[in-house]
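Summary of structural features
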Amino acid sequence: MPSFDTYPILYWLPVYVLCWGSLWLATNGKISERTFLVAVTVLLFLLRLPSIVYNYEINPDESQMITQAMTLRQDPVYFRSVDGTTGGPLDSYFLILPGLIGLPFDYITAHLTAFGLVALSFWFLFQTTKRWFGSMAARVAFLPFVFTFGLTQNGDFLHYNSELVPLALLSGSYYLYALLLARRKPSLWHIALIGLLLGMVPFGKLQAVPLAGIVGLFVGIDILMRPEQSTSAKVVQIGALVVGSVFFPLLVVGLAKLNGVYDDFVTFYIIGNFKYANNSDPVQNLLRLPDFFKKGSEFDWLVKLTLGIWLVGLIYSLRQGNKAQTDTLKVNGFIGVLLAATLYAITRTGSEYVHYLYLLTGPLFFVLGFGWQRLGINEGRNRWATVGIMAVFLLVFGIQAGLNHRRGIAINAYPSDQQHGWAVQPSPVSKAVLTYAKPGEKLVVWGWRCDYYVQTQMPQGVAENHTIRSAFEHPLQDIYQRRYLSNFIRSFPPVFVDAVGSQNLWMTDRRTHGYEMIKPLKNFVNAHYRYVGLVNDTRIYVRTDRVETTRRDTLAFSEN
């Protein structure tokens, strides 16, 4: 297992040099597409490797979803054992898959999975861009994404997040749509598969539904606008799209009813998430986009590069007198509407979480490919200008790293040299928990410290493993609190942790956000649990019978 300190110069410099080599690969027409794709995928992996082997929480969302996956492995009924709040069921279920090949439920596994989803999405986006704008344009468009999402130290782009599964589904649907446009007689299975992917998107992230809707709309328009097809054929194909789109949602609804969690699905996933917003002005949210992009660090550079290449390419092609074809107008119309829908989706809540920007990678990839095509890169024109632009973009990353090094800012913000290999390091709280419980037993944490579940390898005993919706005032708070109490009594965990305090996220004041705010929960804990101490400003309660058992075991051990 490789490990990295905060200044891994001997690793960073050679990999950064490889980035410069990728410029040659992208612009050399003699290099096969397969060689190029393998090379840039390996490069992306090497760039992200220091964060991949970092077996700590990069973002709290990681611990939330790892815990949910670990819990679903034990009790696979979503909404009974797990509620991902804004994240859909597929995000948690997908993290179960690495466990099937023996990987543990930890951060390295999550980071590897995140890399796999990013690489898959980029592959789909490359293939789509190649079909629409040519191979060379797609290659050159690919590189800024490798540099941005490989060299960044922004944790929002490196951790496993709820945008990655829907991103992969959407990217796959873009590719299938591009194939559809190129076929005179698309098969019903092809159309149904597009529908299936789109129907799965809401269960990765409801926020991504507008993007899926745009793809479905343009697929339907393409089917209806084919003059060579009869009306009956068009009806059948639209039917295939609809059937494919509703298949997965109906499957989810059916399973929810079968397992008695349909009401929870509607209340906590549909209604709860539609109420999740800051009620901010959508126009003001859009006007704040430049500031939002800046929060994404290097992503802001990527946006500016994309807009610059698009504008220069458009002006260049107009001066050359190039006329747009019907198919080109159809593609560009799709990209324009998709971009507008994406900007709406990522700004709707006004939250400006940086990982939302992942949803923008598809439209940006296509716009960048369009710009390079218009500059004539596929015909060999402006090759050296292209190399120069990409060299400047890559050089900016090197300059930033050098300046950070001089200022004492870590080149690698995710050091793994002290974590003793592939192992999650326990905190004082998790060590205290494991004094009274063992991995595999249920644990309940009040507050937002899902990393305690991962450190102890104990599944969550309540559906809401980060309790902001039970603790903060909103229209459904009472419903969330009643469910929390019901889940707690049902699981009756051996250890209960109240993480509210200085080490907790968001909830730091015990007087206003301690578990006692739910009076029946307070009474149940008082009746069945014993307070055993404050560890790292975290209150720990142990079930009464477990306290006695642990005391007897300790006495027996001391007598022997």
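Read on for a plain summary of the structure. The structure presented is a predicted model; accordingly, all values stated were derived computationally and were not measured. Sequence order sets the numbering: in each chain, residues are counted from 1 along the sequence as written. Whole-chain, interface and lining totals are the exception, using all residues; otherwise, since this is a predicted model, local features are given only for residues with pLDDT of at least 70 and side-chain atom pairs are given and counted only at 80 or more. Water and hydrogen atoms play no part in the side-chain values, which are based on all heavy atoms of the structure.

1. A look at the overall build of the protein chain
Numbering of helices and strands runs from the N terminus, with a helix taken as a DSSP run of H or I at least four residues long and a strand as a DSSP run of E at least two residues long. If you tally the helices and strands in the protein chain, you get 25 helices and four strands. Here the radius of gyration uses the C-alpha set of atoms, whereas the globule reference equals 2.2 Å times the residue count to the power 0.38. At 26 Å, the protein chain has a C-alpha radius of gyration in line with the 24 Å of a compact globule built from 560 residues. With the principal axes as the frame, the protein chain shows a C-alpha extent of 90 × 65 × 45 Å. For the protein chain, the residues scored as buried account for 56% of the 560 residues in total. By definition in these notes, contact holds between two residues if any of their heavy atoms fall within 4.5 Å. If you take every contact in the protein chain between residues at least 6 apart in sequence, the share linking residues at least 24 apart comes to 77%. To be clear on the numbers: accessible area is Shrake-Rupley with a 1.4 Å probe, and residue cover counts the displayed protein chains and nothing else. Counting every atom, the protein chain has about 23,600 Å² of accessible surface; 63% of that belongs to carbon and sulfur. A positive count includes Lys and Arg, and a negative count includes Asp and Glu. His and the chain ends are not counted in either. Each charge is placed at NZ for Lys, CZ for Arg, CG for Asp and CD for Glu. Here the protein chain carries 47 positive and 36 negative side-chain charges, and the mean point of each set is 8 Å from the other. The cut-offs for exposure are 20% and 50% of the maximum accessible area for each residue type, with area from a 1.4 Å probe on protein chains only; residues under the lower value are buried, those over the upper are exposed, and the others partly exposed.

2. What about the sheet that holds strand β4 (residues 538–543)?
Spatially, β1-β2-β4-β3 is the arrangement adopted by the four strands of the open sheet, whose pairing is mixed. Here the strands that pair on one side only, and so sit at the sheet edges, are β1 (443–446) and β3 (529–535). Adjacent strand axes in the sheet meet at a mean angle of 20° when their direction is disregarded. Lines fitted to C-alpha atoms define the axes, with helix axes restricted to the stretch in contact, and inter-axis angles between N-to-C directions lie between 0 and 180 degrees. Each of β2 (495–498), β3 and β4 touches helix α24 (residues 519–528); the most contacted strand, β3, lies at about 95° to it. Note: two strands are recorded as paired if DSSP finds a minimum of 2 bridges between them.

3. Some words on the side chain of Q229
Within the fold, Q229 resides in the loop between α10 (209–224) and α11 (231–258). For Q229, a relative accessible area of 13% corresponds to the buried category. Sequence-distant contacts of Q229, defined by excluding residues within four places in its chain, comprise R184, P186, I223, K234 and Q237.

4. A few points about helix α22 (residues 477–491)
Across its 15 residues, α22 extends 21 Å between first and last C-alpha, which sits within 8% of the 21 Å expected from 1.5 Å per residue. By the burial criterion, the buried members of α22 are Q477, Y480, Q481, R483, Y484, L485, N487, F488 and S491. Buried-residue contacts for α22 involve α12 (262–274), β1, α21 (468–471), β2, α24 and β3. In the segment just after α22, F492 is the residue with positive phi, at about 45°. Expected span, for any helix, means 1.5 Å times one less than how many residues it has.

5. A look at the pairing of β1
A two-sided burial pattern is seen for β1, the buried positions comprising L443 and V445 on one face and V444 and W446 on the other. Summarising the sheet, β1 and β2 pair through four bridges and their orientation is parallel. Its bridge partner lying in β2, V445 is registered against V497.

6. Examining helix α1 (residues 9–27)
With 19 residues, α1 ought to run about 27 Å at 1.5 Å a step, and its terminal C-alpha atoms sit 28 Å apart, in line with that. As for α1, its buried residues are in contact with α2 (33–52), α7 (135–151) and α18 (383–406).

7. A look at the nonpolar core
The biggest cluster of nonpolar side chains holds 166 residues, and the ones touching the most others in it are F147, F299, F334, W372, F488 and F496. Beyond its immediate sequence surroundings of up to four residues, F488 is in contact with V444, G461, V462, P493, F496, L521, F524, V525 and Y529. Residues enter a nonpolar core if they are buried and are Ala, Val, Leu, Ile, Met, Phe, Trp, Tyr or Cys, with the set joined through side-chain atoms within 4.5 Å.

8. Details of the packing of aromatic side chains
For Phe, Tyr and Trp, where Trp contributes only its six-membered ring, two rings pair if their centres lie within 6.5 Å, and the inter-plane angle classes them as stacked under 30 degrees, edge-to-face over 60, or tilted in between. Enumeration over the complete set of coordinates arrives at 55 aromatic pairs. Judged by centre distance (6.2 Å) and plane angle (70°), the ring pair of Y174 and F334 falls under edge-to-face. With Y174 in helix α8 (residues 164–182) and F334 in helix α16 (residues 326–347), this pair connects stretches of sequence that are 160 residues apart. Owing to a relative accessible area of 1%, Y174 belongs among the buried residues under this scheme. With a centroid separation of 5.1 Å and 80° between ring planes, the pair formed by W448 and W506 is classed as edge-to-face. With W448 in the loop between β1 and α20 (451–456) and W506 in the loop between β2 and α23 (510–513), this residue pair connects regions lying 58 residues apart in the sequence. By relative accessible area, which is 46% here, W506 ends up partly exposed. To sit over a ring, a charge needs its Lys NZ or Arg CZ within 6 Å of the ring centre and within 35 degrees of the ring normal. A cation over a ring is seen here: K257 above Y262, with NZ or CZ 4.0 Å from the ring centre.

9. Brief notes about the environment of G244
Of note, G244 is situated in helix α11. A residue is classified by how much of its surface remains accessible, and G244, at 6% relative accessible area, is buried. Each C-alpha atom, one on G244 and one on G398, is 47 Å from the other, the two residues being 154 residues apart in sequence. Residues in contact with G244, not counting those within four places in the same chain, are A192, G195 and L196.

10. Topic: the environment of Q477
Mapped onto the fold, Q477 is located in helix α22. Take Q477: its relative accessible area is 14%, and that puts it in the buried class. Considering only alpha carbons, one finds Q477 and G272, 205 residues apart in sequence, at a separation of 9.8 Å. Here Q477 is in contact with R469, S470, A471, F472 and M517, once residues within four sequence places are set aside. Side-chain polar atoms of Q477 contact the backbone oxygen of A471, separated by 3.3 Å. Each polar contact in these results corresponds to two N or O atoms within 3.5 Å; when the atoms are within protein, one needs to be able to donate a hydrogen and the other to accept it, and residues that are neighboring in sequence are counted only if both atoms are side-chain atoms.

11. Let's talk about the pairing of β2
Moving residue by residue along a regular strand, the side chains alternate between the two faces of the sheet. Both faces of β2 are covered, namely the face carrying V495 and V497 and the face carrying F496 and D498. One ladder, built from four bridges, connects β2 with β4; its direction is antiparallel. Bridging from a neighbouring strand, V497 pairs with I540 of β4.

12. Here's the deal with the pattern of salt bridges
For salt bridges, the criterion is a side-chain nitrogen of Lys or Arg within 4 Å of an Asp or Glu carboxyl oxygen. In the structure shown here, the tally under the stated rule is 22 salt bridges. Two residues, D537 and R510, come together in a salt bridge whose shortest N-O distance is 2.7 Å. Of the two residues, D537 sits in the loop between β3 and β4 while R510 sits in helix α23, which places them 27 residues apart along the sequence. Judged by its relative accessible area of 24%, D537 falls in the partly exposed class.

13. Observations concerning a nonpolar patch on the surface
A cluster of nonpolar side chains, contributed by W20, L395, I399 and L403, occupies part of the molecular surface with about 340 Å² of accessible area. Tracing the backbone shows W20 in helix α1. By definition, no residue in a patch forms a salt bridge, and every one has over 30% relative accessible area; like charges are joined within 9 Å, nonpolar side chains (Val, Leu, Ile, Met, Phe, Trp, Tyr) within 5 Å.

14. As for the environment of T435
Note on placement: T435 falls in helix α19 (residues 428–436). Counting along the chain gives 112 residues from T435 to V547, while the straight-line C-alpha distance between them is 9.9 Å. There is a polar contact of 3.0 Å between the side chain of T435 and the backbone oxygen of K431.

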